[in-house]
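# What the coordinates show
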Amino acid sequence: MRIDKLLWFLRLAPSRTMAHDWVAEGHFRLNGRRIEKPSAAVAVGDVLIVPARSGVRVIELIAVPARRGPAPEALACYRTLDERAANPIAAENNIKP
């Protein structure tokens with residue numbers, strides 16, 4: 001699946017156009033490499049570094065979604081690898097999630 005489509009399906013981008021633009025600007029890393037092509041293929045087991053308002057998130061794709069469904073369906077398709085990056089306030093205060 002294309003990364004721009006995946007980001008939209010996983011609800012990490014509000015629209016596919018925005019996902020396309022973000023990837024083209026080089027804001028994402030796939031398996032440690034910066035990507036700039038929205039057509040880059042992603043598969044189960046790939047690790048993505050995703051920019052967020054509060055920092056970055058490191059996620060692993062555990063399933064490829066078939067559609068842009070509700071948020072719980074999207075959340076079931078990936079897992080967060082770096083809890084500290086996902087929750088910077090807790091990391092800042094040494095609070096374990």
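As shown above, the structure is provided for reference.
The rules behind these values
- Residue indices follow the written sequence of each chain, beginning from 1 at its first position.
- Local features in a predicted model are, by the rule used here, given only for residues with pLDDT of at least 70; side-chain atom pairs are given and counted only at 80 or more, and totals for whole chains, interfaces and linings are based on all residues.
- As a rule here, side-chain values come from all non-hydrogen atoms in the structure, and water together with hydrogens is ignored.
- Any Phe, Tyr or Trp ring, taking Trp's six-membered ring, that has another such ring centre within 6.5 Å forms a pair; planes under 30 degrees apart are called stacked, those over 60 apart edge-to-face, and the others tilted.
- We place a 1 Å grid over just the protein atoms. Points where a 1.4 Å probe fits but has no way out form a cavity, open points with protein on both sides within 12 Å along at least 5 of 7 lines form a pocket, and any residue with an atom within 4 Å of a point lines it.
- Grid points are joined across faces, edges and corners, and a volume is the space filled by probe spheres set on the points.
- Where helices and strands are cited, they refer to DSSP runs of H or I of at least four residues and of E of at least two residues respectively, numbered from the N terminus.
- Charged residues are taken to be Asp, Glu, Lys and Arg, nonpolar residues to be Ala, Val, Leu, Ile, Met, Phe, Trp, Tyr, Cys and Pro, and polar residues to be all remaining types, Gly included.

### Quick notes on the packing of aromatic side chains
Enumeration according to the criterion identifies 1 aromatic pair in this entry. Considering the side-chain rings of W8 and F9, the 5.7 Å spacing of their centres and the 40° angle between planes classify their relative orientation as tilted.

### What about the layout of surface pockets?
Considering only enclosed or pocket space, the largest pocket measures out at about 160 Å³ in volume. The wall of the largest pocket is formed by L10, R11, L12, V50, P51, A52, R57, A71, A74, L75 and Y78. Of all the secondary structure elements, the ones that give two or more residues to the lining of the largest pocket are β3 (47–52) and α3 (71–75). Here the residues of the lining of the largest pocket are counted per class, giving 9 nonpolar, no polar and 2 charged.

This is a description of form; function is not addressed.
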